[in-house]
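# Examining the three-dimensional arrangement
One letter stands for each residue in the lines below.
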Amino acid sequence: METNELKFKTNINCGGCVSKVKPFLDNLEGVEAWEVDTDNVDKILTVKTKIADEDIIDTIEGVGFKAELIQ
């Protein structure tokens, strides 16, 4: 399966928020790399992954944040 770069609009606002999702995204099988642009008004989460966008959204929402696929 090929690696895709997915982008999500989120409400992950700060470093503290990033630290809350970090263990979940780091341990999610199929995620190769990820980052959150907290300076962007839409708090863009970029994920290089081999899994479906729904799995990323479910993981983010499971931690208590919102995520909406934008690409």
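Anything mentioned here points back to the structure above.
Treat the numbers as computed from the prediction; the structure is a model and nothing was measured.

### Remarks on the overall build of the chain
Scanning the chain for helices and strands turns up 2 helices and 4 strands. The linear arrangement of helices and strands in the chain, starting from the amino end, is β-α-β-β-α-β. Its C-alpha radius of gyration of 11 Å places the chain within 12% of the 11 Å reference for a compact globule of 71 residues. Expressed as lengths along the three principal axes of its C-alpha atoms, the size of the chain is roughly 30 × 25 × 15 Å. Expressed as a percentage of its 71 residues, the buried residues of the chain come to 32%. Counted over contacts in the chain with a minimum sequence separation of 6, partners at least 24 positions apart contribute 62%. One way to put it: in the chain the 8 positive side-chain charges average out to a point 6 Å from where the 15 negative ones average out.

The rules behind these values
Residues numbered from 1 in each chain as written. Predicted model: local features only at pLDDT ≥ 70, side-chain atom pairs only at ≥ 80, totals over all residues. Heavy atoms only, no water. Helix = DSSP H or I, 4+ residues; strand = E, 2+ residues; numbered from the N terminus. Rg over C-alpha atoms; globule rule 2.2 N^0.38 Å. Buried < 20%, exposed > 50% of the residue type's maximum accessible area, 1.4 Å probe, protein only. Contact = heavy atoms within 4.5 Å. Lys, Arg positive; Asp, Glu negative; His and termini not counted. Charge placed at Lys NZ, Arg CZ, Asp CG, Glu CD.

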